[in-house]
Amino acid sequence: MARQVGLLAAGCQPWNRDVCSASGNRFAYCATLAIYIYELNQQYNEYMLCSIMSEHKKTITSIAWNPRDPDIIASCSTDRTLYIWNVASKSIVANVELKGSALPAVIAWNPHDKNIVTIALNSGSFMRWDCSCPSNYPVIFNKDSNFVSRITHFRWHNHLKNTLAFGHFNGSLSFFYQSRKCQKNCLMPESTQESAENMVISVEWDVLSDDYLLVANAITGARLIDSRSLTVLMQFKLPSSSAHIHTLAWLKNAPGMFVTGDTESGVMRIWNVSRQSPIENITVKITVGFHELSVLDTPYQEKQEEAPSSPTKSNGSVALPPARIVCTFADGGVGLYSLQQRRWEFLRDLGHIETIFDCKFKPTNPSLLATASFDGTIKVWDINTMTAKYASPGNKGIIYSVSWAPADLNCLAASTAKGGAFIWDVDKVKVIRRFTEHGKNAVYCVSWNQKDSRKIATCGADGNCIIHHADGQIIAKFKHPGFVFGCDWSPTNKDMIATGCDDKRIRVFILTTNSDTPLKTFSGHTAKVFHVRWSPLREGLLCSGSDDGTVRIWNYTQDSCVIALKGHTAPVRGLIWHPEIPFLLISGSWDSTIRIWDIRDGACIETILDHGADVYGLSIHPLRPFTLASCSRDSTLRIWHLSSFSSRIYTSLLAKRPWNEILGTADDAMVAEHEIILCGPISRLLRANFGNDTNVQDMKLRSFSEFLLPPIGVNNCWTLLDVILKDNDSLLPTDYSEGIMHVKHISKYKISQAQELESTKMSKFSGGIGNTSKEEKLRKAAALYLQLGHTQKYCELLIEIGEWDKALAVAPSVSLTFWKNLAERHAKYLASEDSEDCVPYFIATRNYENLITLLKSKARLHEAVLIAQIAQADPVNYDESAIATAAKHLPSLKTKSSPFKKLLDDTVNLLANRYFTSGRPVMAANCHLSNDQYDLAMSRLIMGNELELAVSIGIVLKERCSYECFEIAARLLARKCEKLKKCFNICLHRDLAIQMLNQLTNSKPWLVMTCARYSNNAENINALHKMAGLSDIEYYDKKSKNENSPLIERLENCILSSNPEDALDIGINAMKGMMSKPKWNLNEVFEIIQYLSCIRPEKLQDSSCSRQRSELLALASIVGALMCVRMSYDSLVRPLFLNAKSLMQREDLELPLNITQINAYILAWQARTLSPNSNIYPLGELTSESLRGPVICSGSSYPSHSDVKFCSVTDTRIHGSAFFLENGQSCMALNNAIMWALANPFSPLNSGALINPF
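Basis of the calculations
Positions within a chain are numbered from 1, following the residues in the order the chain's sequence is written. The predicted origin of the model limits local features to residues at a pLDDT of at least 70 and limits the giving and counting of side-chain atom pairs to 80 or more, whereas totals for whole chains, interfaces and linings rest on all residues. Excluded from the side-chain calculations are hydrogens and water; all other atoms, namely the structure's heavy atoms, are used. What counts as a helix is a DSSP run of H or I of at least four residues, what counts as a strand is a run of E of at least two, and both are numbered from the N terminus. Whenever a nitrogen or oxygen atom comes within 3.5 Å of another N or O atom, the pair is scored as a polar contact, on the condition that within protein one atom can donate a hydrogen and the other can accept it, and that pairs from neighbouring residues in sequence are kept only if both atoms are in side chains. Here, two residues are considered to be in contact whenever any of their heavy atoms come within 4.5 Å of each other. One side-chain nitrogen of Lys or Arg within 4 Å of one carboxyl oxygen of Asp or Glu is enough to make a salt bridge. Burial here depends on accessible area, computed with a 1.4 Å probe over protein chains only, as a share of the maximum for the residue type. Under 20% is buried, over 50% is exposed, and the range in between is partly exposed. Here a Phe, Tyr or Trp ring, Trp counted by its six-membered ring, pairs with any other such ring whose centre lies within 6.5 Å, and the pair is stacked when the planes are under 30 degrees apart, edge-to-face when over 60, and tilted otherwise. Whether a charge lies above a ring is judged from NZ of Lys or CZ of Arg, which has to be within 6 Å of the ring centre and within 35 degrees of the ring normal. UniProt positions are given in the numbering used here, feature names are shortened, and annotations may be inferred rather than shown by experiment. One fewer than the residue count of a helix, multiplied by 1.5 Å, yields its expected span. Domain boundaries shown here were taken from an automatic or database domain assignment. DSSP bridges decide pairing: two strands pair if at least two such bridges lie between them. Under this scheme, a helix contributes an axis fitted over its contacting stretch, all axes are lines through C-alpha atoms, and angles between N-to-C directions fall in the 0 to 180 degree range.

1. Quick look at the side chain of Asn 110
Consideration 1: Inspection of the secondary structure assignment puts Asn 110 in the loop between strand 10 (104–109) and strand 11 (116–121).
Consideration 2: Polar contacts involving the side chain of Asn 110 include one to the main-chain amide nitrogen of His 112, which spans 2.9 Å.
Consideration 3: Not counting chain neighbours up to four residues away, the residues in contact with Asn 110 comprise Ile 116, Trp 156 and Asn 162.

Set out below in structure tokens:
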């Protein structure tokens, strides 16, 4: 299964209005084809991406939240469709396609009717749509709704029904009223004639007035209009004639105030309607101007304790209201700005705003990925952080393709739609060479020869494939009979290149022949050939993707098509060979899917559906061969991990299997039914580095985990393990401080960072509000008190007028205690004002707890960890006498313990939990490793299903982590091994699982279960028994007849015998007896269910066992529900209870717990009185409290497109990866599937089959 482990959301498009909107605790913005929804996470007080809606087939032109239903948002597009979405359920509520040629330009809800949507068309007409009925069609609003100039913006009045204001392309306004005459095309700006350049860009009614509204024109700026008298009340003036307003919005919680964003610069201006000039100018972004602003309706705030009030801020700057503003920019950037704090709470910069056509990993750095887009830019991303490192200046025209220079040359070649091809120097951030030989024709593909850095190939619409020297000279030109869409250099011959052409053919050329005649030509496709790719592992093997929807594999040496891969339903674009497994090929298509193929038999192993539009580019780096990048017309860049393929190899390493089972030749791998083996140059290099030495297990695990596992957090994890084990700071990598650092290094690195920044001090904002007469009187009184020597009273009065700095400067003359008291009060006041100036006072007074609480409330958890670590290390916080006293009573206490250790632990845990709940368990584990919380780190990986890494850490840390955590990880990993056969259809035995379990101290119960689940003939079963150290079937046939054996021993004997179904009556009767008692032990009953679940499926599903099977499944559901209560798997408690009820009612079962008792459990659970500590709860505790809590796998927080699946258990939309059940149709969210399997080993379909989602 391919898991999504990274997602780079698109930026906001800058060409349409109303493409950014906020409502309550959500905001949304549009890329070209998708709507991105962000929602406030209440626990961490930060906004997170929760949904991507991508049903539109052409550019989205406008979106609008329903003002009467915060879950509903409407959108319109140039595909002439209107969609109504329910964000909570991630579903389409209604949709309609408009007739005719006019396109919808702006959409808005009628605030007085939650079902009425209004649409302005680019033709100038205005329509209304009642979306409450699917059969309704939009109608013209009224006969007078056609305008001379098309509508650029419009707004409904918030209070007056059927009252609207329209802005027009010619700069004029129109007003529609219910009770008075409508006004059309009035209030043209006086300074200009009718001009498209001065169109109305924004119209916003004053929320506190029936008649006033703000209007902004592109050139003449903002005006306050009285719509009743049709007069301009105020013409607002910008500080410079070169400045222009591009967007504006009212500050809804500050009457009379509004905010604007400049067109050419990132200057946000704060205005009051009573003044012509802005009261504050804030530069929030230097390089680019605003596109749109939207103010959140209900800004979230943390409750503050009462604090002294002050009319002015101590630093003299203007006190701004606590508004949070969604900002979008001309370069696609999106951010959430806190006006009061004057800082970004969220900023995602430099996102692509259009189709991403290509993506390529840098050859020498697997963390850097370059992308090429329709928006005319190249961007280079760090996939560990999903942030842009470099961005090219905008190119005039589409960029179709990119190709990195080989070796250490930090340059990219790119091909464009209009500007030919060019070389971009990444370090210098500039174009250093252009190739114009294709003329004005589009250049579709560029390929830099990785074996000869002097050669660059381009191909395009002029029918030529041109080989350039890097200095600009033409080496060769190969003419084709049509457009040439793709080219690729041979990885084994630096002079051989293949091309794909519009004439449906693939050609192979050799530069050394000095001829433009192809050496080979391959025919077979029925439509144009787009991309071609040489196999990196099989010499002479070539693949091609075509508009006929197929991928064909060609053998260059045999002049033949080896196989045609069929499955895509639209043209194929993306193509990539796996760099380590020669039979794996991955393709992307206009059908929005990515397919993984086995070219040995043409089977499609997996289909990935998460992209919402055409998939264009695919890339894999040889140093991380199981990490796949993909890009699409939906403007997203996604990172995938091919975990099904890497898990088999990594587990073999953990089990210390011989190298020949891990590495081999490409010829071996191509044999049908052969196990997965690595065949690439990087794996061979790793093998050579370790040789046959078995004493380098730690180094081997690190190297292969970085090679095989997803990139995010893995390197950081191993660096932290080095810190823990080696304690040698000189070995730390140069980028150590960019990840999560060990707590003992945080202050050291921060001091170093501060020293670097010391010379770059920034000035604070100046300006403020004048003093009142009352303040003057208090100031004079303070001066008198000072003359009289009453310095304490002097300080108190200065505080009253807000002059804290002067008061704090004099306060030490009273006493240090008084100064500390004042400083604490001032910090408290500043915190209540949401001012960053409170931080130094909290630190100076060592009020670490309040400071950490403040930082936590602002979701600044990394800073909170730093402060907690400083607090722990601060010698002032140690009570030496208390430690000495404690040492007398506790002789084992050899080192002093900081009272702030718990504060540090709690803060680290909070940061780890934020990473974990956002689907990044490796980063969560890193947080715990940084604080020497080894068991918690292991538990995060286990609960995130990162089992291979968890076992690796257990092996490396040895006795530092508990054996219990290691055992659980190893057991679950062994369970994972059992399903590999189903994934690959290869001859893979369970010996890998057996070898994993043999590393455990008390492995027998798990070995018994593993062997019992194995369905095969007696010879193979006995062979597996022998490997596990168990006797043969005949032995257990005899032992199972001994009725005097202990219960567990008898169950083991039965399930290992030739008649495992005999264990059913024994186990079920035992469970009934236990559960009939007033108090029974949940652990004991669950252990019996685990043994009974190992009865081979063909035996358990036999009709002769139907009643016992039903009883077992019902009991397993009851016990599973109670296990979920204990382990806090909240989403599955009710479904498991209901599943038990359904079985009991259907089969009329007689169990110790009847339906009335089950209903009582459900009601108790809903009332939250059913808990591990309640009287009605069975006995038995968790073996590890650290394993309590939900399972959240890597990437499970990343949304798919709008066409998502329902979980068959919870009946909710699946967020993240889906796990399909045994019928191949029903599915569950992967997180829920793993929790179900941990609580109840049987499938929720009640077939008797097991569920194994690990």
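Read on for the rest.
2. Considering the pattern of salt bridges
Consideration 1: Considering all chains together, one arrives at 41 salt bridges under this definition.
Consideration 2: In this structure, Lys 285 engages Asp 349 in a salt bridge whose closest nitrogen and oxygen atoms are separated by 2.5 Å. Here the residue Lys 285 occupies a position in strand 25 (residues 280–285), and Asp 349 occupies one in the loop between strand 29 (343–348) and strand 30 (356–362), the gap between them amounting to 64 residues.
Consideration 3: The partner of Arg 657 in a salt bridge is Asp 991, and the shortest N-O contact between them spans 3.2 Å. One end of the pair, Arg 657, is in the loop between helix 1 (643–654) and helix 2 (666–669); the other, Asp 991, is in helix 21 (residues 991–997), with 334 residues separating them in the sequence. Each member of the pair, Arg 657 together with Asp 991, is buried.
Consideration 4: Residues joined in a network through salt bridges with shared partners are Asp 452, Arg 454, Lys 455, Lys 494 and Asp 495.

3. Describing the packing of aromatic side chains
Consideration 1: One pass over the structure, following the stated rule, counts 36 aromatic pairs.
Consideration 2: Considering the side-chain rings of Trp 250 and Phe 258, the 5.9 Å spacing of their centres and the 70 degrees angle between planes classify their relative orientation as edge-to-face. Assigned by exposure class, Trp 250 and Phe 258 land together as buried.
Consideration 3: Centre to centre, the rings of Phe 478 and Phe 509 are 4.3 Å apart; their planes meet at 20 degrees, and the pair counts as stacked. Residue Phe 478 is found in strand 41 (residues 474–479), and its partner Phe 509 is found in strand 44 (residues 505–510); the two are separated by 31 residues along the sequence. By the burial criterion, Phe 478 is buried, and Phe 509 matches it.
Consideration 4: An aromatic cluster of three or more residues is present, and its members are Phe 357, Phe 374, Tyr 400, Tyr 444, Phe 483, Phe 485, Phe 530 and Tyr 616.
Consideration 5: The ring of Phe 583 has Arg 600 sitting right over it, with the charged end atom 3.6 Å from the ring centre.

4. Focus: the UniProt feature "repeat: WD" (unreviewed entry) in the chain
Consideration 1: Under the present numbering, the feature "repeat: WD" (unreviewed entry) in UniProt falls on residues 53–95, 349–391, 522–564, 565–607 and 608–644.
Consideration 2: Annotated as 0% helix and 60% strand, the span residues 349–391 places its first and last C-alpha atoms 11 Å apart.
Consideration 3: With 0% helix and 58% strand, the stretch residues 522–564 has end C-alpha atoms that lie 13 Å from each other.

5. Remarks on the environment of Ser 546
Consideration 1: Along the chain, Ser 546 falls in strand 47 (residues 541–546).
Consideration 2: The class for Ser 546 is buried, based on a relative accessible area of 0%.
Consideration 3: Taking the C-alpha atoms as reference points, Ser 546 and Asp 1148, separated by 602 residues in sequence, lie 58 Å from one another.
Consideration 4: With near-sequence residues (within four places) excluded, Ser 546 lies in contact with His 525, Ala 527, Lys 528, Val 529, Phe 530, Pro 571 and Val 572.

6. Observations regarding helix 13 (residues 861–873)
Consideration 1: Taking 1.5 Å as the rise per residue, helix 13 with 13 residues should run 18 Å; its terminal C-alpha atoms sit 18 Å apart, in good agreement.
Consideration 2: Taken residue by residue, helix 13 has Leu 861, Ala 864, Val 865, Leu 866, Ile 867, Ala 868, Gln 869, Ala 871 and Gln 872 as its buried positions.

7. Topic: the domain arrangement of the chain
Consideration 1: The domains assigned to the chain are domain 1 (237–299 + 320–347) and domain 2 (356–620).
Consideration 2: Domain 1 and domain 2 are separated by 43 Å when their C-alpha centres are compared.

8. Overview of unusual backbone geometry
Consideration 1: Backbone geometry at Ala 407 places phi at a positive 55 degrees, although glycine is not the residue there.
Consideration 2: Its location among the elements puts Ala 407 in the loop between strand 34 (399–404) and strand 35 (411–416).
Consideration 3: Of note in the backbone geometry, Ser 635 takes a positive phi value of approximately 70 degrees without being a glycine.
Consideration 4: Positionally, Ser 635 belongs in the loop between strand 55 (624–632) and strand 56 (637–642).

9. What about the sheet that holds strand 19 (residues 212–217)?
Consideration 1: One open sheet accounts for 4 strands, arranged 18-19-20-21; its pairing is antiparallel. Strands at the two margins of the open sheet, each flanked by one partner only, are strand 18 (200–205) and strand 21 (231–235). Averaged over all pairs of adjacent strands, the angle between strand axes in this sheet comes to 25 degrees, irrespective of strand direction.
Consideration 2: With 5 bridges joining them, strand 18 and strand 19 adopt antiparallel strand pairing. In the strand pairing of strand 19, Glu 204 is matched with Leu 214.

10. Here's the deal with the environment of Asn 41
Consideration 1: The residue Asn 41 is located in strand 4 (residues 35–41) in this model.
Consideration 2: When residues no more than four places from it in sequence are discounted, the contact partners of Asn 41 are Glu 46 and Met 48.
Consideration 3: Here the side chain of Asn 41 touches Gln 43 through a polar contact of 3.0 Å, landing on its backbone nitrogen.

11. A look at the pairing of strand 6 (residues 60–65)
Consideration 1: Within strand 6, 6 of the 6 residues are buried, which leaves it mostly tucked inside the rest of the structure.
Consideration 2: Bridge analysis of strand 6 against strand 7 (residues 72–77) gives 5 bridges, and the strand direction is antiparallel. From the neighbouring strand, Ser 62 faces strand 7, where its bridge partner is Cys 76.
Consideration 3: Here strand 6 hands over to strand 7 after 6 residues, the two strands then running antiparallel side by side.

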